[in-house]
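Chains, contacts and geometry: an overview
Here is how the chains run, residue by residue.
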Amino acid sequence: MSLVVDAVTKCFGSVVALDNASFSVEPGRIFGLLGANGAGKTTCMRIVLDILRADSGSITWDGRPNTELPRRTWGYLPEERGLYPKMRVAEQLRFLASLYGVADGVARAEIDDWLERFRIPDYRDRKVEELSKGNQQKIQFIAAILHDPDVLIMDEPFSGLDPLNVRLLKEAFLAMAKRGKTLIFSTHQMETVEELCEEIAIVDHGRVIVHGSVRDVKRAMGRRVVRLATEGNDNFIAGLQALDGVTISARRADFVELQLTAELDPETILRAALERGERITRFEITEPSLEEVFVEHVGRRAIDEEEGHLASLSRKDTRG
Amino acid sequence: MTGLLPNAFHVARREYFVRVRSRTFVISTVLLAVAVVAVVFLPTLFQASGFVDEPPDIALDVQADDLPSDPAVALQQLLTLAQAAGGEIVGRSARPTVSTTQDPAAATQAVRDGELDGMLTIRRSAEGDLTFEYLSTQNPMSATHQLVTQAAVSFAISDRLARSGITAAESQAIFRPPAFSTTTPDPDGPTQDDYGAALLLAYLVVIFTFMAVLTYGNWVAQSVAEEKSNRVMELLITAATPRQLLTGKVLGTGAAGLTQYLATVAALGIGLLANEPVSALLGVGGTGFPLPALDAWMLPALGTFFLLGFILYSVLYAAAGSMVSRSEDVQQAVGPLIFLSMAGYFVSFGALNEPDAGWVATLSLVPFFSPYLMPMRMLLTSVGAAEILVALAILVLTVIAAIWVAARIYSAGVLMYGQRVGLRTILRATRVSR
């Protein structure tokens, strides 16, 4: 019982939105779908949801093709938020729940429960257009989960939320995962992915270029990160760069971050420092951050390119 | 594929209640009802306020001797008869008055002052023939003017007959109208008496169908475009199939439109019922709305054509609405449909003049035209049941095909944003989407 995306290809005219994309998600996991703008994330989600049909390839959940699954299997939070602006919150949510076959009494109770959880019970009978963006987004999230779907697919669920609301939403994510739900979401906030996701896939130009558990993905980078702080002056640190396989990746106020190739033992750095008689206040061996993984694979240049491209592209929605 | 229910019902219910509770709907319904009531009461109000001509009041100045009969009586009879037969809107108690005056100067002044409608002076010429002179401020084309002329002609003739020795009794026999009756070649068609009423109803059916297609079709297109522009569409399309959404949308909007129609018809009924007491209150005569005698099956048949025609056009309007991203662009997208419904509308007006024509019979089987032409033919001529059923069958098949095509366009169109999507792009997209 898992979600399997197998060799999916989708073209829009001459544009290849997905190119032989494959990945799988184990049930009960929180899965991050990463990629630059226009990489094919939204198209991929729409194909999983069977709003779009792939040119080739297949999607299965629990061994059954997605075209045969009941619609209530899926919950969807689209990138472009959309609700009826003039309908009242509860009325709107009840309508959307009814389309998934949720009994009205159940929907009412669930709506009250979630509004309470998101600390907006007073907005029950307000028109959606009267709500702030952040609160509209909470409503959008409730709309995606009211019918208790097995798989929740969310396109940029955190964008435009203030830190407090991000925390509320993260809590909701974890609560859903605890109940055995499978969550798939895309985001540009790498810290969020590090915090929530066990597994990720990185999509670039329609291809899945990285796929696996966060730890494996980081290990596969073939290098480690050392965070170092000493009481001495900077000369020592600048000198470290002379060592083979060491690059300084960041100078922060209270520490320096060094990238080490896999062959280099991090203790070499420690030893070098001790030999010079430096007083070490911090020495930490960690793995590269997801952001570094992402930049390494997708490339800084590619991201800039994409963003410049997007501004002039009016049909971005069909590519996502 | 999943069935239509219950999601089509949920969509229709939402559409209906949102629509019916909207301010636009309430205001336009009230305005329509007021307009209908106003139209019903307008004649009565005109009359009460004196806009409508009072019965004519005419003075006779007889300057000739040896007249065969009293010209005042003859003129009075003619005017009264015309009033009764003409079905014009006239006061109940008021009758035309014709009085012989002894004071032509005073009568002339009265005509000038508008107290009298006219003064007819009768003289005998040197040759012995009667001459007439009509003094009036009225339009020479007015009914009274023409009746006076007619009375003068027949009076002059009976005077000539009397002078050539024909007795009054013989003269009366000469002027007695012959037996005259009207029949139509079509025994099942509406009788001549009914034809006028049937024609009026046919006009109304054509106009109502056209207005329903134009107004409510536009509602459907606007509402689809709105769902696209506020992006709620992506949620809907995840939860329900395009066919469910499309069907629900058309039925919900249709039901709202029907509600508005029924409210209008109810206002019309109340207006008609209230017209008589109100007229009595105002002291003027009321007129009924002429209704032709209809067979029992006729109303459901008319209703079926109306509904099918509405559904046919609406699903296509929905497809057109799904092709644009903003509601401002809707008008452009529905252009061809407006053109099509206008074509049907104008063709029906041509057909009203010759409902028996062969081209009308042919076009009344063609979908897009049949919702206009077949009801009109049913009202004005006798159409065989087989022909009606064939037209219905073709229409039903076209509706099914239209729903299928529209659902494909819709499912491809709803996720396309950006510039107006051309039909070509859409058709290409329909091949790969569900």
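Here the structure is a predicted model, which is why all the values come from computation and not from measurement.

1. Quick notes on the sheet that holds strand β2 (residues 15-25) of chain A
All names here are of chain A. With respect to topology, four strands assemble into an open sheet ordered β2-β1-β4-β5, the strand pairing being antiparallel. Two strands bound the open sheet, and with one partner strand each, they are β2 and β5 (64-65). Sheet topology note: the strand β1 (residues 3-12)/β2 ladder contains seven bridges and is antiparallel. Opposite C11, over in β2, you have V16 as the bridge partner. Contacting β1, β2 and β4 (56-61), helix α1 (residues 41-48) crosses the sheet at an angle of about 115° to β1.

2. Section: the pairing of β4(A)
Residues and elements named next belong to chain A. The pairing of β1 with β4 spans five bridges and is antiparallel. Across the sheet, residue V4 finds its bridge partner in β4, namely T60. Relative to β5, β4 is paired through two bridges, and the arrangement is antiparallel. Across the sheet, residue W61 finds its bridge partner in β5, namely R64. In this structure, the hairpin formed by β4 and β5 is closed by a connection of two residues, where D62 is found at a positive phi of approximately 60°.

3. Quick notes on the sheet that holds strand β11 (residues 223-230) of chain A
Residue and element names in this part refer to chain A. A sheet is described by the order of its strands in space; here four strands give the open sequence β12-β13-β11-β14, paired in antiparallel fashion. Each having just a single partner strand, β12 (246-251) and β14 (280-286) make up the two edges of the open sheet. Each adjacent strand pair in this sheet contributes to an overall mean axis angle of 25°, direction not counted. In terms of strand pairing, β11 meets β14 through six bridges, oriented antiparallel. Looking across to β14, one finds that V225 is bridged to T286. Lying over the sheet, helix α9 (residues 267-275) contacts β11, β12, β13 (256-261) and β14, oriented at roughly 170° with respect to β14.

4. A closer look at helix α1 (residues 7-21) of chain B
In this model, α1(B) (15 residues) spans 21 Å end to end at C-alpha, consistent with the 21 Å of a helix rising 1.5 Å per residue. Within α1(B) the residues assigned to the buried category are N7(B), A8(B), H10(B), V11(B), A12(B), R14(B), E15(B) and R19(B).

5. Some details on the packing of aromatic side chains
All names here are of chain B. Here the structure, examined in full by the defined rule, presents 21 aromatic pairs over all chains. Ring geometry for F208 against Y261: centres 5.1 Å apart, planes inclined by 65°, an arrangement best described as edge-to-face. A residue pair is termed long-range when its members are at least 10 positions apart, and F208 in helix α7 (residues 192-229) and Y261 in helix α9 (residues 242-282) qualify at 53 residues. Residue classification places F208 among the partly exposed positions, given a relative accessible area of 32%. By relative accessible area, Y261 is classed as buried at 11%. Between Y345 and F349, the ring centres sit 5.0 Å apart and the planes meet at 75°, which makes this aromatic pair edge-to-face. Pair noted here: Y345 and F349 are both in helix α11 (residues 330-353), with a separation of four residues, about one helical turn.

6. Description of the interface of chain B and chain A
With 24 residues of chain B at the interface, the matching set in chain A holds 30 residues. Taking both partners together, chain B and chain A bury about 2700 Å²; carbon and sulfur atoms supply 59% of that area. Run the count over chain B and chain A and you get three salt bridges. Measuring nitrogen to oxygen at the nearest pair gives 3.0 Å for the salt bridge that ties E234(B) to R46(A). For the side of chain B that touches chain A, the secondary structure elements donating two or more residues are α1 and α8 (233-239) of chain B. Residues that form the side of chain B that touches chain A fall into these classes: 11 nonpolar, seven polar and six charged.

7. Observations regarding a nonpolar patch on the surface
Residue and element names in this part refer to chain B. On the surface, V153, I157, I174 and F175 cluster together into a nonpolar patch covering about 340 Å² of accessible area. Contributions of two or more residues to the nonpolar patch are made by α5 (143-163) and α6 (168-175). Tracing the backbone through its elements, the reader meets F175 in helix α6. F175 sits in the partly exposed class, given a relative accessible area of 37%.

8. Quick look at the side chain of T182(A)
Residue position: T182(A) is located in strand β8 (residues 182-186). The buried category is assigned to T182(A), whose relative accessible area is 1%.

9. As for helix α10 (residues 290-298) of chain A
For an α-helix the count is 3.6 residues per turn, leaving residues at separations of three or four pointing the same way. Considered for burial, the residues of α10(A) that qualify are L290(A), E292(A), V293(A), F294(A) and V298(A). Just downstream of α10(A) lies G299(A), where phi reads positive at about 90°.

10. Remarks on the environment of A320(B)
All names here are of chain B. Take A320: it is sitting in helix α10 (residues 298-322). The spacing of A320 and V220 is 100 residues in sequence and 9.5 Å in space, taken between C-alpha atoms. Dropping the residues within four chain positions of it, A320 is found in contact with A333, V334 and L337.

11. Here we look at the side chain of D159(B)
All names here are of chain B. Positionally, D159 belongs in helix α5. Taking relative accessible area as the criterion, D159 reaches 1% and is therefore assigned buried. With residues near it in sequence (within four places) discarded, D159 still touches D66, P68, R124, G128 and L130.

12. Quick notes on unusual backbone geometry
Among all residues save glycine, negative phi is the norm, and among peptide bonds the norm is trans. Looking along the chain, the bond that leaves L5(B) and enters P6(B) is cis, with omega of 0°. Structurally, the position occupied by P6(B) is in the segment before α1. You will see that A7(A), though not glycine, has its phi angle at about 50°, which is positive. Position of A7(A) relative to the elements: it lies in strand β1. Residue A7(A) is classed as partly exposed on the basis of its relative accessible area of 25%. Positive phi outside glycine occurs at R231(B), with the angle close to 65°. Position of R231(B) relative to the elements: it lies in the loop between α7 and α8.

13. Observations regarding the pattern of salt bridges
Once their charged atoms are close, side chains differing in charge can pair, the charge on each being opposite to the other. All names here are of chain B. Within the structure shown, the criterion is met by 37 salt bridges over all chains. Residues E15 and R19 are paired through a salt bridge, measuring 3.8 Å at the closest nitrogen-oxygen approach. Taken together, the residues E15 and R19, both in helix α1 and four residues apart, mark about one turn of the helix. Judged by its relative accessible area of 3%, E15 falls in the buried class. It is possible to trace a salt-bridge network through shared partners that takes in R14, E15, R19, E227 and K249.

14. Comments concerning the environment of G303(B)
All names here are of chain B. Mapping G303 onto the fold places it in helix α10. What makes G303 partly exposed here is its relative accessible area of 31%. Between the C-alpha atoms of G303 and L120, which are 183 residues apart in sequence, the distance is 56 Å.

Cut-offs used in this document
- Residues numbered from 1 in each chain as written.
- Chains lettered and ligands numbered in written order.
- Predicted model: local features only at pLDDT ≥ 70, side-chain atom pairs only at ≥ 80, totals over all residues.
- Heavy atoms only, no water.
- Pairing = 2+ DSSP bridges.
- Helix = DSSP H or I, 4+ residues; strand = E, 2+ residues; numbered from the N terminus.
- Contact = heavy atoms within 4.5 Å.
- Axes fitted to C-alpha atoms, helices over the stretch in contact; angles between N-to-C directions.
- Expected span 1.5 Å × (residues − 1).
- Buried < 20%, exposed > 50% of the residue type's maximum accessible area, 1.4 Å probe, protein only.
- Phe/Tyr/Trp six-rings, centres within 6.5 Å; stacked < 30°, edge-to-face > 60°.
- Buried area = accessible area lost by both parts, 1.4 Å probe.
- Salt bridge = Lys/Arg side-chain N within 4 Å of Asp/Glu carboxyl O.
- Nonpolar A, V, L, I, M, F, W, Y, C, P; charged D, E, K, R; others polar.
- Patch = residues over 30% accessible without salt bridge, like charges linked within 9 Å, V, L, I, M, F, W, Y side chains within 5 Å.
- Areas by Shrake-Rupley, 256 points an atom, 1.4 Å probe, with all protein chains shown as cover.

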